[in-house]
Amino acid sequence: SVSSVDAQDRQLKALEACIGGLPTKNAELVTEFYFNNRKAGDIARKVGRTEGAVWVALLRIRQALRRCVEMRLAAVGAER
């Protein structure tokens, strides 16, 4: 339906804005893992961290992105 497409569009725009607001290193981790399909072990070697540290960083980044998206969507909802 149109409303679900609109909702998905708002969510995607919020996510893009939130990723854009991440510190550079975090944005690079997200890009490498989710958009470039790099394995956590490969990323760890590239950035000089352990694979476990990369997994923990990705978890924390996802949590921060979730909070950011929820706040952006709530702000959009409050404007209506």
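**Q** Sorry if this is basic, but what is going on with the packing of helix α2 (residues 24-35) against helix α3 (residues 40-47) here?
**A** Axis angle and axis distance: for two packed helices, these are the angle between their axes and the distance between the axes, and together they describe the pair. The N-to-C vectors of α2 and α3 enclose an angle of 145 degrees; their axes lie 10 Å apart at closest approach. The way α2 lies across α3 gives a crossing that is right-handed. In contact with Leu29, Glu32 and Phe33 of α2, α3 contributes Ala40, Ile43 and Lys46. Classifying every residue of the contact of α2 with α3 by side-chain character gives four nonpolar, no polar and two charged.

**Q** Got a minute to help me understand the side chain of Glu32 in this structure?
**A** Mapping Glu32 onto the fold places it in helix α2. Of the polar contacts made by the side chain of Glu32, one reaches the side chain of Asn36; its length is 3.0 Å. When neighbours within four sequence positions are excluded, Glu32 is seen to be in contact with Asn37, Arg38, Ile43 and Lys46.

**Q** Honestly, the layout of surface pockets in this entry has me stumped. Any pointers?
**A** When its volume is computed, the largest pocket comes out at roughly 190 Å³. Considering the residues around the largest pocket, the lining is formed by Lys25, Glu28, Leu29, Thr31, Glu32, Ile43, Lys46, Val47 and Arg49. Of all the secondary structure elements, the ones that give two or more residues to the lining of the largest pocket are α2 and α3. Per-element accounting of the lining of the largest pocket gives the leading share, five residues, to α2. Each residue belonging to the lining of the largest pocket can be placed in one class, and the counts come to three nonpolar, one polar and five charged.

The rules behind these values
- Residues numbered from 1 in each chain as written.
- Predicted model: local features only at pLDDT ≥ 70, side-chain atom pairs only at ≥ 80, totals over all residues.
- Heavy atoms only, no water.
- Axes fitted to C-alpha atoms, helices over the stretch in contact; angles between N-to-C directions.
- Helix = DSSP H or I, 4+ residues; strand = E, 2+ residues; numbered from the N terminus.
- Left-handed = near helix turned anticlockwise from the far one by under 90°.
- Contact = heavy atoms within 4.5 Å.
- Nonpolar A, V, L, I, M, F, W, Y, C, P; charged D, E, K, R; others polar.
- Polar contact = N/O pair within 3.5 Å; in protein donor to acceptor, adjacent residues only side chain to side chain.
- 1 Å grid on protein atoms, 1.4 Å probe; cavity = no way out; pocket = protein on both sides within 12 Å on 5 of 7 lines; lining within 4 Å.
- Points joined across faces, edges and corners; volume = space filled by probe spheres on them.

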